[in-house]
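Inside the fold
Here is what each chain is made of, one letter per residue.
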Amino acid sequence: MKWTLIPLVLIVAACDPAPPPQPETERQPNPVFETQIQAMEKARAAEKQMQEAAEAQRKQLEAETQP
């Protein structure tokens, strides 16, 4: 019993559930996806401008319809 318990304890103690920490490496931008990323950023900027214009138009309509 003693001879089977010692190796079992050693095996269980050797198993660490947390993986070893990985060093942080900076990713190099992939030129294939860079154009897509730029297009998405452009689209977000255009969407923001459209929302701001719609909000300004909405406020203008509300101001005109107020008695």
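Anything mentioned here points back to the structure above.
A short tour of the structure in this document, coming up. Since the structure is predicted, the reported quantities are computational estimates derived from the model, not experimental observations. (Residues numbered from 1 in each chain as written. Predicted model: local features only at pLDDT ≥ 70, side-chain atom pairs only at ≥ 80, totals over all residues. Heavy atoms only, no water.)

1. Some remarks on a nonpolar patch on the surface
Definition in use: Like charges are joined within 9 Å and nonpolar side chains (Val, Leu, Ile, Met, Phe, Trp, Tyr) within 5 Å, but only among residues with over 30% relative accessible area and no salt bridge; these make up the patches. Each accessible area value is a Shrake-Rupley result obtained with a 1.4 Å probe; residue values ignore everything except the protein chains displayed when judging cover. Each reported salt bridge corresponds to a side-chain nitrogen of Lys or Arg within 4 Å of a carboxyl oxygen of Asp or Glu. Numbering of helices and strands starts at the N terminus; helices are DSSP runs of H or I of at least 4 residues and strands are runs of E of at least 2. Here the term buried applies to any residue with accessible area under 20% of the maximum for its type, exposed to any over 50%, and partly exposed to those in between, with areas from a 1.4 Å probe on protein chains only.
There is a patch of nonpolar side chains on the surface, built from Leu5, Leu8, Val9 and Val12 and spanning about 370 Å² of accessible area. Take Leu5: it is sitting in helix α1 (residues 2-14). By relative accessible area, which is 45% here, Leu5 ends up partly exposed.

2. Digging into the environment of Glu34
Within the secondary structure, Glu34 is located in helix α2 (residues 31-65). With a relative accessible area of 28%, Glu34 lands in the partly exposed category. Taking the C-alpha atoms as reference points, Glu34 and Gln60, separated by 26 residues in sequence, lie 39 Å from one another.

3. Regarding the pattern of salt bridges
Summed over all chains, the structure comprises one salt bridge. Ionic pairing is found between Glu55 and Arg58, a salt bridge with its closest N-O pair at 2.5 Å. Taken together, the residues span about one helical turn, with Glu55 and Arg58 both in helix α2 at a distance of three residues.

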